[in-house]
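Okay, here's what each chain looks like letter by letter:
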Amino acid sequence: MKQLVILSGKGGTGKTTVAAALAHLASREFPIVLADADVDAANLELVLDPAKQETQDFTGGKSAVIDPAECTACGVCYDVCRFEAVIPGDEAYRVDSLACEGCAACHYQCPANAIRMEEQRDGQWFRSDTRFGPLFHAHLFAGQENSGKLVTLVKQQARLLGQDTGAALLVVDGPPGIGCPVISASSGMDLALHVVEPTVSGMHDLERILATTDHFGVQSLVAINKADLNPARSDGIAAFCAERGVELVGRIPYDTVVTEAMVQGRPVTEHTDGPVTEALRDVWEQVKKRLLLDGVGGER
Amino acid sequence: MIITVASGKGGTGKTTVAVGLALSLAESAKPAGPLCLDCDVEEPNAALFLHPTIQERREVGQLVPEVDAEKCTACGRCAEVCQYHAIAVVGEKVLVFPELCHGCGSCTLNCPTEAIREVLHVTGTVERGRSGPVEFAQGTMNVGEPMAVPIIRQLKRWVLPPGDGDRPIILDASPGTACPVVESMRGADFVLLVTEPTPFGLHDLRLAVEVARDELGLPVGVVVNRDGVGDRGVDAYCAAEGIPILMRIPHDRRIAEAYSEGISLLQALPEYRQQFLDLYTAIEKLAAETKE
């Protein structure tokens, strides 16, 4: 099974639009598995109409809890906490579980043994059926940590099912940024497709996400979304890609049909034929060629 | 007055709004000019629009343990207390994995022979400078590093003045709703959520409201960007939840084109200045009501 991740660095460039379209196009040719690795703002489900088959709790980390009956309000926990998570009180101190990073420094230092570490339910993950194949997705509860761990879990589950059922491709819709969830989403992938917009921000962020995937040894392709919004910037990105030896696999035009399709809850390629769909079909052909015919990555 | 500009979904116009607010307030000659902080340390973009002159730069990161082999008895206590598996004892040797370390200092506190001291593992930089009357600061995480929160935390500690004051301070957050966004919202007087009127925008707006209003208990307001595209879901949601829509920026190709060139909204369409000033007045009022 080959593994493809859609990334962008900058948010809102069209990762999910592209991921949904590729999932639609790929699923017409062979069995695929899908994973949404943007666990704190998961949107792929909004265009795939998933039917949930399985729901599991995700316990990512622990949080300190102070027993008010045992607490002597000595303040040691407050002094050792480097995350500003301990809230002083006259009779007992409290822990702000959102700020707590679960380091347990207070637990070990408390002279009254009043602090215990409690597992936290940080989120949930789901296995769903969609018309394109099984989808693994998740919901990290508001403001929680450990998004990287949850991304790894979602991907692992998708990979296992894909291998068991003989899927040919795993498509992962990645998160924005370059930090821990992105590193988790890209790790072990055969190929990353970066969706970039022709803006100064898009260009700036592309350089950083490419450096990140290079750093972790993941091969990259680039597609420009809303390419006609600024043709000169698009040419600039094309020149940058050529210079850097990264293949540019498509220029997707700006079109209101993309938003229309989103409102209808469908991938744009399923919603309409037209310039956007044509461009995405070309992107898919190039991705497929690189992934399946040129044989990037190894069999896993 | 600290305002955090966030969104949930990426690419909705956080930076456009944060920069627009800062530049509008700069011209209105408040006692001290506005301070704008780019807290999206993974992909900082505000400087592309503000073109600041950087005056000061610092390396930041995590304090990670360094073990003095002379004093270490390889007792394993450090590895036992570390919740992140960032320190391991193999035979007589202690191995440290800086990228897993959260810099909590628990190993140092628990070492019975005081063999651990903490050294800075650099994961990024923070910078400050000016763009005309706007004071500017940003953090940038080094490529390949996983943790954004310590950089945001250190950026805030470095530049945020103690105490309140009237000065407008605008924080541009990263997309999403996880820990970096929480760190950018913590301590704010108001959270301004920029969204677009689409199903993706609405879905992620709900999550951002959960974090800002429900978890952190902060007052929130919404800016609808690209108004006119998509559907009416955001309007219906805000009405049902009693969340004020404080500004609407219509879908306008001129704005998108200016943005693509790194030209701020105010530079391209100066008529937006009054709307941003009105937005700020509305935020001040809502924040004051919450304090009462």
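Please read these numbers as outputs of a predicted model, since none were measured by experiment. (Residues numbered from 1 in each chain as written. Chains lettered and ligands numbered in written order. Predicted model: local features only at pLDDT ≥ 70, side-chain atom pairs only at ≥ 80, totals over all residues.)

## A look at helix H11 (residues 273-291) of chain B
The periodicity of an α-helix, 3.6 residues per turn, causes residues three or four places apart in sequence to face the same way.
Residue and element names in this part refer to chain B.
No. 1: For H11, with 19 residues, the first-to-last C-alpha span of 27 Å sits near the 27 Å given by 1.5 Å per residue.
No. 2: Looking at H11, one finds that the buried residues are Phe-276, Leu-279, Tyr-280 and Ile-283. The arc that holds every buried residue of H11, seen down its axis, measures 100 degrees, which confines them to one face. Turned more than 90 degrees off the buried face of H11, the exposed positions are Gln-274, Thr-281, Lys-285 and Glu-289.
No. 3: Contact partners of the buried residues in H11: strand S1 (2-6), helix H1 (14-27), strand S9 (190-195), strand S10 (220-227) and strand S11 (245-250). (Helix = DSSP H or I, 4+ residues; strand = E, 2+ residues; numbered from the N terminus. Expected span 1.5 Å × (residues − 1). Buried ≥ 20, exposed ≤ 12 C-beta atoms within 10 Å, placed from the backbone. Arc of directions from axis to C-beta. Contact = placed C-beta atoms within 7 Å.)

## As for the domain arrangement of chain B
When the parts come together, some accessible area is lost, and that loss is often what is quoted as the size of the interface.
No. 1: By the assigned domains, chain B splits into domain 1 (2-34 + 167-291) and domain 2 (62-122).
No. 2: A C-alpha centroid distance of 42 Å is found between domain 1 of chain B and domain 2 of chain B. (Domains from an automatic or database assignment.)

## Side note on unusual backbone geometry
No. 1: Although it is not a glycine, Lys-226 of chain A sits at a positive phi angle of roughly 55 degrees.
No. 2: Within the fold, Lys-226 of chain A resides in the loop between strand S12 (219-225) and helix H7 (231-244).
No. 3: Despite not being glycine, Arg-226 of chain B shows a phi value in the positive range, around 55 degrees.
No. 4: With respect to the secondary-structure elements, Arg-226 of chain B resides in strand S10.
No. 5: Taking the C-beta count within 10 Å as the criterion, Arg-226 of chain B has 21 such neighbours and is therefore assigned buried.

## A short note on the interface of chain B and chain A
No. 1: At the interface, 50 residues of chain B touch 52 residues of chain A.
No. 2: Listed by contribution, the elements that provide at least two residues to the side of chain B that touches chain A are helix H4 (106-110), helix H6 (179-185), helix H7 (199-215) and helix H9 (253-260) of chain B.
No. 3: It is H7 of chain B that contributes the most residues to the side of chain B that touches chain A, nine residues altogether.
No. 4: The class makeup of the residues in the side of chain B that touches chain A is 20 nonpolar, 20 polar and 10 charged. (Nonpolar A, V, L, I, M, F, W, Y, C, P; charged D, E, K, R; others polar.)

## Notes on the sheet that holds S1 of chain B
All names here are of chain B.
No. 1: Read across the open sheet, the nine strands follow the order S3-S6-S7-S2-S8-S1-S9-S10-S11; overall the sheet is mixed. Each having just a single partner strand, strand S3 (53-67) and S11 make up the two edges of the open sheet. The mean angle between the axes of side-by-side strands here comes to 20 degrees, regardless of whether they run parallel or antiparallel.
No. 2: Sheet topology note: the S9/S10 ladder contains five bridges and is parallel. Of the residues in S10, the one forming a bridge with Leu-193 is Val-222. (Pairing = 2+ DSSP bridges. Axes fitted to C-alpha atoms, helices over the stretch in contact; angles between N-to-C directions.)

## Some points on the nonpolar core
Residue and element names in this part refer to chain A.
No. 1: Counting 156 residues, the largest nonpolar core has Leu-4, Val-154 and Val-171 as its most contacted members.
No. 2: In this view, Val-154 contacts Ala-35, Ala-37, Val-39, Trp-125, Phe-136, His-137 and Ala-138; residues no more than four positions away in its chain are not counted.
No. 3: Counting 19 residues, the second largest nonpolar core, distinct from the first, contains Val-80, Val-86, Cys-100 and Ala-114. (Core = buried A, V, L, I, M, F, W, Y, C linked by C-beta atoms within 7 Å.)

## Section: the environment of Thr-55 of chain A
All names here are of chain A.
No. 1: Counting through the fold element by element, Thr-55 comes out in strand S3 (residues 51-58).
No. 2: Using a count of 11 C-beta atoms within 10 Å as the deciding quantity, one classes Thr-55 as exposed.
No. 3: Aside from chain neighbours lying at most four places away, what touches Thr-55 is Gln-124 and Phe-126.

## Considering the environment of Leu-205 of chain B
Residues and elements named next belong to chain B.
No. 1: Of note, Leu-205 is situated in helix H7.
No. 2: As a C-alpha pair, Leu-205 and Leu-193 span 12 residues in sequence and 7.3 Å in three-dimensional space.
No. 3: Once residues within four sequence positions are removed from consideration, Leu-205 is found in contact with Gly-8, Leu-193, Thr-195 and Val-234.

## Re the pairing of S12 of chain A
Remark: a regular strand shows side chains that alternate across the two faces of the sheet.
Residues and elements named next belong to chain A.
No. 1: Counting buried positions along S12 gives six out of seven residues, so the element sits mostly inside the fold.
No. 2: Across six bridges, strand S11 (residues 191-196) lies against S12 in parallel orientation. Looking at the pairing, Leu-193 lines up with Leu-221 of S12.
No. 3: Note that the unit made of S11, helix H6 (residues 200-215) and S12 has a crossover that is right-handed.
No. 4: Summarising the sheet, S12 and strand S13 (residues 247-252) pair through five bridges and their orientation is parallel. (Right-handed = clockwise from strand over helix to strand, strands pointing away.)

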